[in-house]
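Tertiary structure, described
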Amino acid sequence: MNREQLAHAIRASCAITQLDSVIIIGSQAILGSYDEDELPQAATASREVDVWPDVEDPRLEQELSDLLAGVAGELSLFEEQHGFALDGVDHTTAALPEGWRERLLPFSNAQTQDVVTGRQYTGWCLSPADLCVAKLCAAREKDQTFVHALFRACCFFGVVSGRVSGRVGGTIVLWLRVSRRWIGTRGSCCRWICGIGS
């Protein structure tokens, strides 16, 4: 995917849910921080955008997530027309470090504006460090490969890792310790992850 497609995903998600903003928590949240040309191919290979409707009511959250998946999810007409799908997710989808909301990065520009109404939409993207923690906690091979690809490309997480280290919950610490064995074999640039939860 690329940033233009991310903008399209945000615009479509907000239009479908009738919200002014949504949270992007999957791998393509990395496009909220970096242009696709700055990233390894493995980091932008996914054709699915994980979209979290940011509402307080859990029932409404689930309804909107289901709506996104039904209208623009896998095998939908939206995916057929645009080449990517929207996956509606909720607050139970990812394990995230304490303070992750404070580190969300806004993605909002002319391309996230409704061309008819002029309504401006915003996609709040996970920070790179929080995204990597969530991916490692998921403990799937594709998520570990995603993190590995980012670190092989460049070690840009050191500037924010200190704010994440020591502020993760018990469940997250457990998964990070499990992931440590895997990530520890993938080069010295991954060492800061191995220190989280120590």
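Just above sits the structure.
Reference entry: report on the structure contained in this document. (Residues numbered from 1 in each chain as written. Predicted model: local features only at pLDDT ≥ 70, side-chain atom pairs only at ≥ 80, totals over all residues. Heavy atoms only, no water.)

Compared with the 18 Å implied by 1.5 Å per residue over 13 residues, the 18 Å span of helix H5 (residues 141-153) between its first and last C-alpha is a close match. For H5, the full list of buried residues reads Asp143, Gln144, Phe146, Val147, His148, Ala149, Leu150 and Phe151. (Helix = DSSP H or I, 4+ residues; strand = E, 2+ residues; numbered from the N terminus. Expected span 1.5 Å × (residues − 1). Buried < 20%, exposed > 50% of the residue type's maximum accessible area, 1.4 Å probe, protein only.)

Attention now goes to the sheet that holds strand S1 (residues 21-24). Spatial strand order, S3-S2-S1-S5-S4: five strands in an open sheet with mixed pairing. Since the sheet does not close on itself, it has two edges, and those belong to strand S3 (85-88) and strand S4 (105-107), each with one partner. Along the sheet, successive strands turn relative to each other by an average axial angle of 35°, direction set aside. Examined bridge by bridge, S4 and strand S5 (residues 122-125) share three bridges and lie antiparallel to one another. Each residue of the ladder has a partner; that of Leu105, found in S5, is Cys125. Each of S1, strand S2 (48-53), S3, S4 and S5 is contacted by helix H1 (residues 3-17), which is oriented at about 130° to S1, the strand it contacts most. Relative to S3, helix H2 (residues 58-72) is tilted by about 160°, and along the sheet it contacts S2 and S3. (Pairing = 2+ DSSP bridges. Axes fitted to C-alpha atoms, helices over the stretch in contact; angles between N-to-C directions. Contact = heavy atoms within 4.5 Å.)

Among the secondary structure elements, Glu61 is positioned in helix H2. Arg101 is the oppositely charged side chain nearest to the buried, salt-bridge-free Glu61, at an N-O distance of 6.7 Å. Not counting the four nearest positions on each side in its chain, Glu61 is found in contact with Trp52, Pro53, Val55, Asp90 and His91. (Lys, Arg positive; Asp, Glu negative; His and termini not counted. Salt bridge = Lys/Arg side-chain N within 4 Å of Asp/Glu carboxyl O.)

With that settled, the discussion passes to the pattern of salt bridges. Within this structure, the stated rule accounts for five salt bridges. Between Arg103 and Asp130 there is a salt bridge, with the nearest N and O atoms lying 2.8 Å from each other. Taken together, the residues Arg103 in the loop between S3 and S4 and Asp130 in helix H4 (residues 128-138) connect sequence positions 27 residues apart. Comparing Arg103 with Asp130, the two get one shared label, buried. A salt bridge links Arg140 to Asp143, with the nearest nitrogen and oxygen atoms 2.4 Å apart. Using a relative accessible area of 41% as the deciding quantity, one classes Arg140 as partly exposed. Salt bridges here are not isolated pairs; linked through shared partners, they connect Lys135, Arg140 and Asp143.

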